[in-house]
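# Chains, contacts and geometry: an overview
Okay, here's what each chain looks like letter by letter:
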Amino acid sequence: MPFGGRWCLGLYTDKDELIGVAIGLSDFLAPQVWHLSLFWLATPCHGRGVAAALYSALEAWAQSSGACWMRLGAVVGNARAEAFWLRMGYVEVRRREAVDTGGRLNDLRVMVKPLAEGDAGGLS
């Protein structure tokens, strides 16, 4: 699957403790489509609005860097993650079954979010 670039971002406390990670690809499958491969936040930060703030900053950076669409795969059955991405404005466009996610097979909800007007062709 073609892509233009890779990025990895870390969120650290003022004591240099890693509490969040975002990893993704730019121009994934199509120009101006950014794929969020991993979005992780340490458990003590859950339920405090940190994830939404972190994601909003990531989205603003992606858009200012040329992204018109965001795409991700949410593991089916991870209810908190599925609900979070729906709250962030993502919609499901398809399901992928038995995807190897590092030695474990998971079904994924492929989800997309437009950041600007455009055609969703090729995003699933």
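A brief report on the enclosed structure follows.

Basis of the calculations
Residues numbered from 1 in each chain as written. Predicted model: local features only at pLDDT ≥ 70, side-chain atom pairs only at ≥ 80, totals over all residues. Heavy atoms only, no water. Helix = DSSP H or I, 4+ residues; strand = E, 2+ residues; numbered from the N terminus. Rg over C-alpha atoms; globule rule 2.2 N^0.38 Å. Buried < 20%, exposed > 50% of the residue type's maximum accessible area, 1.4 Å probe, protein only. Contact = heavy atoms within 4.5 Å. Pairing = 2+ DSSP bridges. Axes fitted to C-alpha atoms, helices over the stretch in contact; angles between N-to-C directions. Expected span 1.5 Å × (residues − 1). Arc of directions from axis to C-beta.

## Observations regarding the overall build of the chain
On a plain count of helices and strands, the chain comes out with 2 helices and 6 strands. Listing the helices and strands of the chain from first to last along the sequence gives β-β-β-α-β-α-β-β. The C-alpha radius of gyration computed for the chain amounts to 14 Å, which stays within 12% of the reference 14 Å derived for 124 residues, consistent with globular compactness. Across its three principal axes, the chain shows a C-alpha extent of roughly 45 × 35 × 25 Å. Residues classed as buried in the chain amount to 37% of the 124 residues present. Intrachain contacts of the chain at a sequence separation of at least 6 include 49% that bridge at least 24 residues.

## As for the pairing of strand β2 (residues 18-26)
Within β2, 7 of the 9 residues are buried, which leaves it mostly tucked inside the rest of the structure. Between strand β1 (residues 5-12) and β2, which pair antiparallel and follow one another directly, the connecting turn spans 5 residues, one of which, Asp16, has a positive phi of 60 degrees. As judged from the 6 bridges shared by β2 and strand β3 (residues 33-41), these two strands associate in the antiparallel manner. Note on β3: the bridge partner recorded for Leu25 is His35. Connecting β2 to the next strand, β3, in antiparallel fashion are 6 residues, including Asp27 with a positive phi near 50 degrees.

## Overview of unusual backbone geometry
Residues other than glycine seldom take positive phi values, yet Asp16 does so here, at roughly 60 degrees. As for its position among the elements, Asp16 is in the loop between β1 and β2. For Asp16, a relative accessible area of 66% translates into the label exposed. Positioned with a positive phi, Asp27 is a non-glycine residue whose angle comes to about 50 degrees. Along the chain, the position of Asp27 falls in the loop between β2 and β3.

## Here's the deal with the sheet that holds β1
Read from one edge of the open sheet, 6 strands run β1-β2-β3-β4-β6-β5, paired in mixed fashion. Edge positions in the open sheet fall to β1 and β5 (91-100), since each of these has one partner strand only. Strand after strand, the sheet turns through a mean of 25 degrees between neighbouring axes, direction not considered. The sheet contact formed by β3 and strand β4 (residues 69-75) spans 4 bridges and is parallel. Bridge pairing in β4 places Trp34 opposite Met70. Where helix α1 (residues 50-64) meets the sheet, its contacts fall on β1, β2, β3, β4 and β6 (105-114), and the angle it forms with β3 comes to roughly 155 degrees.

## What about α1?
With 15 residues, α1 should reach 21 Å at 1.5 Å per residue; the first-to-last C-alpha distance of 21 Å fits that figure. Those residues of α1 that sit buried are Ala51, Tyr55, Leu58, Glu59 and Ala62. Along the long axis of α1, the arc covered by the buried residues comes to 100 degrees, so they all point the same way. Where α1 is buried, its residues contact β1, β2, β3, β4, α2 (79-87) and β6. A positive backbone phi angle near 110 degrees is found at Gly66, which sits one or two residues after α1.

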